[in-house]
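Understanding the architecture of this molecule
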Amino acid sequence: MGDAARNLAVAEPKQYRTSKSTWDEIANGRPFQDLMATKKVFIVPAFIFFVVYYFALPVLVGYAPQFMATKVGYVNLAYLFALSQFFVAWIIAGLYVKAANDFDRLAKDILDKAELDKARDGQGGK
Amino acid sequence: MSNIPLIMFLVFIAITLGITYWASRRSAGASAYFAASRQIKGWQNGVAVAGDYMSAASFLGIAGIIAFQGYDGFLFSVGWLVAYLTVLLVIAEPLRNAGKYTMADVLAYRLKPRPVRGMASLSTLTVSTFYMIAQMVGAGTLVKLLLGGMVTYNQAVIGVGLLMIVYVVFGGMLATTWVQIIKAILLMAGTLLLSILVMAHFRFSFREFFTAISQVTYHDAKGAVVVKDFLTPGLRYKPPYGPLDLISLGMALIFGTAGLPHILVRFYTVPDAKTARHSVVWAMVLIGSFYIMTTFLGFGAATIVGPDFIRGHGGTNMSAPLLANALGGGVFFAFISAIAFATILAVVAGLTISATTSFSHDFWTNVIHNGVERKPGEEVMVARISAFVVGAVAIGLAIVLQTANVAFLVALAFAVAASANLPVIVLSIFWRRFNTAGAVTGLAVGLLASIGLILVSPSVMGIDPPTITGAARHLIQVKPWFPLENPGILSIPLGFLGAILGTLVSHEPTSQEKFNELLVRSNTGLGAEKATAAH
């Protein structure tokens, strides 16, 4: 029993909790707005591009099979376009990881400030 | 047939049981049991995601579809990889930041926990069960074939079911993770080797390989000789509805993968969102490489073995093992068979743990007991018990459905994930106005629309001549009411529509008040669940 209680304590580290006004303050603050804007600038166009690029494949293959069957070297357009999807997906993933380093940097500033404020408030309150 | 496949199966079983024993000594506590203490490394989780995802349907199924229907089969391969961009760009990081063990955690943050968790749990169990039945029925047939009739269908199903129960009950997420990692490495190695042997057969000349693909020869149903260019689109998806079905399939794959519970739970096993991101990229490298190589598996089987031979030796699903046999003989056949076996086990174990996590964490603790564990360790104990139940139900259903055509269940799982799960996850993260009524209607409409449309689709309905029996026969012998095999194109918009309308007709101030909290948590990782110390 004691052992189980200990395990449970280990399993549930203290979570960051704070008041609604603090959450609102962070959400409306400049650093968080910057983070969201930076994310949007990459994620929205990237998402739209990959969805359009991907669905071009079934649309073209489905509605223009003759055209897609055009021979290119040993293969055809349909196969090349399908194959290109893999590389495009990998490239977008790579670009995202690169862009996400900026997100991490912006998020870390917000995290550090929140933890710091919390520590200070905690001391003042008790 | 020799004993080599059996020996390889036993070696794999011995190794995985050893891992389960090792993991069982580290699985004390809920975070350890459900999320492997959140200490899985990024690359390890990436490999495990790949192992969790690439099911027998993709390894054996895709090779078979390409071997029989050429290029159109390769389109599945494309969708199965590109889908991970949705996971990477939209889902993985917010989920890891704001959740604990299940996707419902993210929903419960700002919505009323009980109705939302209840519905999300129902949807999770539905997806997992459908997917699992398809895997188990396939497993029974395949293991029987691969072992050359040494075991019966029922024995194979019971064996696979028992192993998956043992992994999950005793080893939890940690054992499941390592079973998936080993399977993924085996699968990649086997596929690479098979691809090299295919190219060696064509003296490493792409010209010879693709020339052979352009003139695949076989006999049609009437016995006439047919020569077809297998690289031409349209062998599977024919007018009038084929193109639309293809788009619908694409939608289910692209939006469904990011809603598959057994994939989503994997992101809770890593220390933070950044690691979750890296694990998606690792998974994409492996999954992409694998699906590109289905070119060699599928077209290799079509050209080297030939559809006629495959049809006479176990059917489409045996394409890859038969190709291995043709190129590398009995030992290689045994190796590829063992990989297929490992593939099935890793996937069903992943499905079982996601189903049991959702049942015990969402339904038992949070819906029935209002989020309170009555005694320490109750949640894990309930999960272990439910793993037995899930396993027993899966075994039972697989035995009952032995001769039924269940291949559509995989499509159904993706459709439910895309139409029910994805809309509510996305709306809860991005839409301030979203509320409980919206989540519940969205989940319900998405679930019912996908199931309903599949039931009246050509996957289930169709009129067969009396000569067609068993698994090939349609379950309902009437003309299909809905023309597409994949309901995604209709059910995904319906799921979103249900969620949006449900929200708009109701009023729930608290869900909007807590939106900022979820927004900050999911985007910054502030207050995210942390890794727990090993002990």
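Residues numbered from 1 in each chain as written. Chains lettered and ligands numbered in written order. Predicted model: local features only at pLDDT ≥ 70, side-chain atom pairs only at ≥ 80, totals over all residues.

Some details on the overall build of chain B
For the record, the criterion: Counting from the N terminus, the helices are DSSP H or I runs at least four residues long and the strands are E runs at least two residues long. The globule rule is 2.2 Å times the number of residues to the power 0.38, and the radius of gyration it is compared with is taken over C-alpha atoms. Each residue is classified by how many other C-beta atoms fall within 10 Å of its C-beta atom, where C-beta atoms are placed from the backbone; a count of 20 or more means buried, 12 or fewer means exposed, and values in between mean partly exposed.
Assigned secondary structure in chain B consists of 20 helices and two strands. The C-alpha radius of gyration of chain B comes to 23 Å, within 12% of the 24 Å expected for a compact globule of 535 residues. Judged by the C-alpha coordinates and their principal axes, chain B covers about 70 × 50 × 40 Å. Counting across all 535 residues of chain B, residues that qualify as buried make up 64%.

Some thoughts on the pairing of strand 1 (residues 216–219) of chain B
Working note: regular strand, side chains alternate between the two faces of the sheet. The condition that has to hold: Pairing between strands is defined by DSSP: at least two bridges between the two strands are required.
With four bridges joining them, strand 1 of chain B and strand 2 (residues 225–228) of chain B adopt antiparallel strand pairing. Counterpart to histidine 219 of chain B in the pairing with strand 2 of chain B is valine 225 of chain B.

Details of the interface of chain B and chain A
Our working rule: Throughout, a pair of residues is in contact if the C-beta atoms placed from their backbones lie within 7 Å.
Counting from both sides, the interface comprises 51 residues of chain B and, opposite them, 53 residues of chain A. Examining the composition of the side of chain B that touches chain A, we find that nine residues originate from one element, helix 5 (residues 71–98) of chain B, more than from any other.

Considerations on the nonpolar core
Residues and elements named next belong to chain B. Convention followed: A set of buried Ala, Val, Leu, Ile, Met, Phe, Trp, Tyr and Cys residues, joined through C-beta atoms within 7 Å, is what we mean by a nonpolar core.
Judged by nonpolar contacts, the single largest core of 234 residues is most densely connected at Val160, Ile287 and Leu345. Top element by residues in this core is helix 14 (residues 319–368). It accounts for 28 residues. Beyond its immediate stretch of four places on either side in the chain, isoleucine 287 contacts Ala50, Tyr53, Met54, Trp80, Leu81 and Tyr84.

Some words on unusual backbone geometry
All names here are of chain B. Each neighbour pair has its own omega, and for proline 239 with proline 240 the value is 5 degrees, a cis peptide bond. Of note, proline 240 is situated in the loop between strand 2 and helix 10 (242–256). One non-glycine residue with positive phi stands out, namely serine 37, at about 60 degrees. Residue placement: serine 37 occurs in the loop between helix 2 (30–35) and helix 3 (42–53). A residue is classified by how many C-beta atoms lie within 10 Å of it, and serine 37, with 25 of them, is buried. In this structure, phenylalanine 204 is a non-glycine residue whose phi angle is positive, near 55 degrees.

Digging into the confidence of the model for chain A
Residues and elements named next belong to chain A. The criterion, for reference: Every residue is assigned a pLDDT by the predictor, reflecting its confidence on a scale from 0 to 100.
Across chain A, the average pLDDT comes to 85, with 84% of residues at 70 or higher. Mean pLDDT values for the elements of chain A range from 39 in helix 1 (residues 2–11) up to 95 in helix 3 (residues 30–63). The low-confidence segment residues 1–13, where pLDDT is below 50, has 19 contacts with residues more than four positions distant or belonging to other chains.

Examining the environment of tyrosine 218 of chain B
Residue and element names in this part refer to chain B. With respect to the element layout, tyrosine 218 can be found in strand 1. Separated by 73 residues in sequence, tyrosine 218 and leucine 145 place their C-alpha atoms 23 Å apart. With near-sequence residues (within four places) excluded, tyrosine 218 lies in contact with Val226, Gly306, Pro307 and Asp308.

Some words on helix 16 (residues 408–430) of chain B
All names here are of chain B. Spelled out, the test is: Each helix should span, by expectation, one fewer than its residue count multiplied by 1.5 Å. To get the bend at a residue, fit one axis to the 7 residues ending there and another to the 7 starting there, then take the angle between the axes.
Look at helix 16: 32 Å from first C-alpha to last across 23 residues, which is about the 33 Å you get at 1.5 Å a residue. In the structure, helix 16 departs most strongly from a straight axis at asparagine 421, where the bend amounts to approximately 35 degrees and where the proline proline 423 lies between one and four residues downstream. The buried fraction of helix 16 amounts to 22 of the 23 residues, a majority that puts the element mostly inside the structure.

Overview of helix 8 (residues 153–201) of chain B
All names here are of chain B. The end-to-end C-alpha separation of helix 8 is 34 Å, well short of the 72 Å expected for 49 residues at 1.5 Å each. Of all the bends found along helix 8, the most pronounced is centred on glycine 171 and spans about 130 degrees. Of the residues trailing helix 8, arginine 203 is marked for its positive phi of about 50 degrees.

A word on the packing of helix 7 (residues 113–146) of chain B against helix 16 of chain B
Residues and elements named next belong to chain B. Selection rule: Only the stretch in contact is used when a helix axis is fitted, and all axes are lines through C-alpha atoms; the angle between N-to-C directions ranges over 0 to 180 degrees. Between 65 and 115 degrees an angle is taken as roughly perpendicular, under 35 as roughly parallel, over 145 as roughly antiparallel, and anywhere else as oblique. We call a crossing left-handed when the near helix sits turned anticlockwise from the far one by less than a right angle, and right-handed when that turn is clockwise. All residues other than Ala, Val, Leu, Ile, Met, Phe, Trp, Tyr, Cys, Pro, Asp, Glu, Lys and Arg, Gly among them, are scored as polar; the first ten of these are nonpolar and the last four charged.
Two elements in contact, helix 7 and helix 16, have axes separated by 8 Å at closest approach and are oriented at 165 degrees. Taken together, helix 7 and helix 16 sit at an angle that is classed as roughly antiparallel. When you trace helix 7 past helix 16, the crossing you get is left-handed. For the pair helix 7 and helix 16, the contacting residues are Ser123, Thr126, Val127, Phe130, Tyr131, Ile133 and Ala134 in the first and Leu409, Val410, Leu412, Ala413, Val416, Ala417, Ala420 and Asn421 in the second. Grouping the amino acids of the contact of helix 7 with helix 16 by side-chain chemistry returns twelve nonpolar, three polar and no charged.

So, the packing of helix 5 of chain B against helix 12 (residues 273–305) of chain B
Residue and element names in this part refer to chain B. Between helix 5 and helix 12, the least distance of the axes is 9 Å, while the angle of their chain directions is 175 degrees. With respect to helix 12, the axis of helix 5 lies roughly antiparallel. Seen from helix 5, the contacting residues are Gly73, Phe74, Ser77, Trp80, Leu81, Tyr84, Val87, Leu88, Ala92, Glu93, Arg96 and Asn97; seen from helix 12, they are Ala273, Ala276, Arg277, Val280, Ala283, Met284, Ile287, Gly288, Tyr291, Thr294, Thr295 and Gly298. In the contact of helix 5 with helix 12, the residues fall into 14 nonpolar, seven polar and three charged.

A look at the environment of isoleucine 181 of chain B
Residues and elements named next belong to chain B. Among the structural elements, isoleucine 181 can be located in helix 8. Its 23 C-beta neighbours within 10 Å are what place isoleucine 181 among the buried residues. Remark: the alpha-carbon pair of isoleucine 181 and asparagine 421, spanning 240 residues in sequence, is separated by 26 Å.

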